[in-house]
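Spelled out from the first residue to the last, the chains are:
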Amino acid sequence: MMSENNKNVDKLAEEITLQSRGQGKLRQFILWMGALIIGAILGWQNIPAMNELFNFIAAVFTRLFQFIAIPTVSLAVITTLSALGAKKDTGRIFGHALVYTLLTTICAAAVGLGLYLYIAPNNLPLDIIGAGAAAVPEKLGTVTYYDHFLSVIPNNILQPYLQGNVLSVMLISASVGLAFAFMPKTEGREAVLKVLFGLQELLFTLIKALLYVLPIGILAFAAQLSAQIEAGVIVGALGKYTAVVIGGNLIQFFVIIPLFLLFRGLNPLDVFRKMSPAVAVALFTKSSAATLPVTLASAESNLKAHPAVARFVLPICTTINMNGCAAFILVTSLFVMQNAGIELTMGTMIAWLFIAVLAAVGNAGVPMGCYFLTLSLMSSIGAPIGLLGIILPIYTIIDMIETAENVWSDAAVCAMVDHDLEGTLGDNDGESPSFQGA
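Residue numbers here run from 1 along each chain, matching the order of that chain's written sequence. For a predicted model such as this one, the threshold for reporting local features is a pLDDT of at least 70, and the threshold for listing and counting side-chain atom pairs is 80 or more; totals across whole chains, interfaces and linings nevertheless cover every residue. Just so you know, side-chain values use all the structure's heavy atoms and leave hydrogens and water out.

A.B. asks: I keep staring at the packing of helix H4 (residues 91–119) against helix H15 (residues 323–339) and nothing clicks. Help me out?
C.D. replies: Helices that pack against each other are described as a pair by the angle of their axes relative to one another and the distance between those axes. Relative orientation of the contacting elements H4 and H15 amounts to 35°, with a least axis distance of 8 Å. The interaxial crossing formed by H4 with H15 has right-handed handedness. Counting all contacts with H4, which are made through Thr 104, Thr 105, Ala 108, Ala 109, Gly 112, Leu 113 and Tyr 116, the residues of H15 involved are Asn 323, Ala 326, Ala 327, Leu 330, Val 331, Leu 334, Phe 335 and Gln 338. Three classes are used, and their members are as follows: Ala, Val, Leu, Ile, Met, Phe, Trp, Tyr, Cys and Pro are nonpolar, Asp, Glu, Lys and Arg are charged, and the others, Gly among them, are polar. In the contact of H4 with H15, the residues fall into 10 nonpolar, five polar and no charged. Simply put, an axis is a line fit to the C-alpha atoms, just over the touching stretch for a helix, and the angle between two N-to-C directions goes from 0 to 180 degrees. Per the convention used, a helix needs a DSSP run of H or I reaching at least four residues, while a strand needs a run of E reaching at least two, with both numbered from the N terminus. The crossing is said to be left-handed when, going from far helix to near helix, the turn is anticlockwise and less than a right angle, and right-handed when the turn is clockwise. Whether two residues are in contact is decided by their heavy atoms, any of which lying within 4.5 Å being enough.

This is the structure we're talking about:
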């Protein structure tokens, strides 16, 4: 019976992977890598007219990213939190899942911070960041923490959106989402939610269109980066930055998450072996949502998790349990702020650790959500967001590792919740969220 279950899960994993490739994910990855290589070669030629064209294209894509980021993040947070109201009957399961999600996500960000302090990436050359650094408010270094927190509290619902103040936007969005979650289930509520979900689908369509032409942007950013290399300074700085991000992901994957499982009395190797089809699919598809059917099948058939746990915890974790995203947001934000000349005190870095965790939890599976969130956060404080263009080609590679890490963390949270509640749940699975269309 166990062998038959394993065959079914492996078959489903193969189908999801092939379907993802059929939808163009493999073709997209090849295009992105090709654009990265070609852009680097063209930029290395250092032809002034061509460099000017690439700078223009890079500026266009940066503006498009800014245009789409704030509304996408806001709607993602609102729609994610609004769904919690329907899950009140499974409060115990949600409580355990939320605790483990926050703990693993905080640890992922903390590991990233520790590596950042240890490796200490260099600054990029001043001629690259000068224009962006000039946009940083001069009084930023003298603003007190009281002033900073006060600036997050909005006194106008439109102003944060118009100014791109992402922290205020997230505060508004979280308040609205929680209000939807706990307000009476009236026709008016459902009508407004339908409009919001419709707007979210519209924005996702715009993002897909942007991703479709993104190879042009990657080519331009890669050419811009290649043309600006001076005596290996950029390569060294970006190399250390990349080492921090990928190194943090690997430590979280192979050390931190297994330690969580060990502390809860579970065998990490056994859990990983049973959930490995989902982790493998995540690596190739770069999508936690696309991997969800395989994750659910692996949890129920291989891990033998209680269906009430697996069918509730895994869809929720797919949207809020973003270990890799939290580390990326924190490390990238620190790197950009450092290059902007913003003083990074320990208090500032710890504050940004929790900002990164909250931002990652609110990511809600948005395509390139980590990138958009980081761009929004940096834009809101006036940091040089042009650096995000330099990081973009690297992000296309990091995304694969982060997705696999997120799914592995989802599986670990599910295993721990199932272990905690073993023997306390009834045989009636009740209503389970639909995941086939995720």
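A.B. asks: I would appreciate a short explanation of the nonpolar core in the present structure.
C.D. replies: For soluble globular proteins, the rule of thumb is that nonpolar side chains tend to be buried together. We define a nonpolar core as any set of buried Ala, Val, Leu, Ile, Met, Phe, Trp, Tyr and Cys residues linked to one another through side-chain atoms lying within 4.5 Å. Buried means the residue's accessible area, taken with a 1.4 Å probe over protein chains only, is under 20% of the maximum for its type, while exposed means over 50%, and partly exposed covers the values in between. Counting residues in hydrophobic clusters, the biggest one holds 73 residues, and the most contacted among them are Phe 65, Leu 214, Leu 330, Trp 352, Tyr 371 and Met 378. Here Trp 352 is in contact with Leu 330, Ser 333, Met 337, Leu 377, Met 378 and Ile 381, once residues within four sequence places are set aside. Counting residues in each nonpolar core, the second largest holds 37 residues, with Val 111, Val 279, Ile 316 and Cys 414 among its members.

A.B. asks: Quick question: what am I supposed to make of the pattern of salt bridges here?
C.D. replies: Note that side chains of opposite charge can pair when their charged atoms are close. Salt bridges are defined by distance alone: a side-chain nitrogen of Lys or Arg within 4 Å of a carboxyl oxygen of Asp or Glu. Here the structure, examined in full by the defined rule, presents five salt bridges. Between Asp 270 and Lys 274 there is a salt bridge whose closest N-O contact spans 3.2 Å. Taken together, the residues Asp 270 and Lys 274, both in helix H12 (residues 268–285) and four residues apart, mark about one turn of the helix. Of the charged contacts, one joins Arg 311 and Glu 300 as a salt bridge, the two residues approaching to 2.8 Å between their closest N and O atoms. Taken together, the residues Arg 311 in helix H14 (residues 307–320) and Glu 300 in helix H13 (residues 288–302) connect sequence positions 11 residues apart. On the basis of relative accessible area, Arg 311 is assigned to the partly exposed category, the value being 25%. On the accessibility criterion, Glu 300 (22% relative accessible area) is partly exposed. One network of salt bridges, with partners in common, ties together Asp 270, Arg 273 and Lys 274.

A.B. asks: It is not clear to me how unusual backbone geometry should be interpreted in this structure. Could you clarify?
C.D. replies: The phi angle of most residues is negative, glycine excepted, and most peptide bonds adopt the trans form. Unlike most non-glycine residues, Ala 120 shows phi in positive territory, near 50°. Mapped onto the elements, Ala 120 comes out in the loop between H4 and helix H5 (126–133). Look at Ala 120 and you get partly exposed, because its relative accessible area is 41%. Here Lys 304, not a glycine, exhibits a phi torsion of approximately 60°, which is positive. On the secondary structure map, Lys 304 appears in the loop between H13 and H14.

A.B. asks: How do you make sense of the state of the cysteines when you look at a structure like this?
C.D. replies: A disulfide bridge is the covalent bond that connects two cysteines by way of their sulfur atoms. The term disulfide is used for any two cysteine sulfur atoms that are within 2.5 Å. Summed over the entire model, instances satisfying the criterion amount to one disulfide. Here Cys 317 is not disulfide-linked; the sulfur of Cys 414 is the nearest cysteine sulfur, at 7.7 Å. Note on Cys 317: relative accessible area 1%, which makes it buried.

A.B. asks: Please clarify how the packing of aromatic side chains should be interpreted in this entry.
C.D. replies: Each aromatic ring pair is summarised here by two numbers: the centre-to-centre distance and the angle between the ring planes. Here a pair means two rings of Phe, Tyr or Trp (six-membered ring of Trp) with centres within 6.5 Å. Their orientation is stacked below 30 degrees between planes, edge-to-face above 60, and tilted elsewhere. Taken as a whole and assessed by the stated rule, the structure comprises five aromatic pairs. Aromatic rings pair up to connect Phe 253, Phe 254, Phe 272 and Trp 408 into one cluster.

A.B. asks: Explain the packing of H4 against H14 here, please?
C.D. replies: Across the interface, H4 lies against H14 with an axial gap of 10 Å and an inter-helix angle of 40°. Judged on the interaxial angle alone, H14 and H4 are oblique. Crossing of H4 over H14 shows right-handed handedness. Each of Ile 93, Phe 94, Ala 97, Leu 98 and Thr 101 in H4 lies in contact with H14, whose residues at this interface are Ala 308, Val 309, Phe 312, Val 313, Ile 316, Cys 317 and Ile 320. Looking at side-chain class alone, the contact of H4 with H14 contains 11 nonpolar, one polar and no charged residues. Should an angle lie under 35 degrees it is considered roughly parallel, over 145 roughly antiparallel, and from 65 to 115 roughly perpendicular; all remaining angles are considered oblique.

A.B. asks: Can you walk me through a nonpolar patch on the surface in this structure?
C.D. replies: Together, Leu 250, Ile 251, Phe 254, Val 255, Leu 259, Leu 262 and Phe 263 give the surface a local cluster of nonpolar side chains, amounting to about 680 Å² of exposed area. Mapped onto the elements, Ile 251 comes out in helix H11 (residues 233–263). Look at Ile 251 and you get partly exposed, because its relative accessible area is 32%. The patches described consist of residues with a relative accessible area above 30% and no salt bridge, like charges being joined within 9 Å and nonpolar side chains (Val, Leu, Ile, Met, Phe, Trp, Tyr) within 5 Å. Surface exposure here means Shrake-Rupley accessible area, sampled with a 1.4 Å probe, where a residue is shielded only by the protein chains that are shown.

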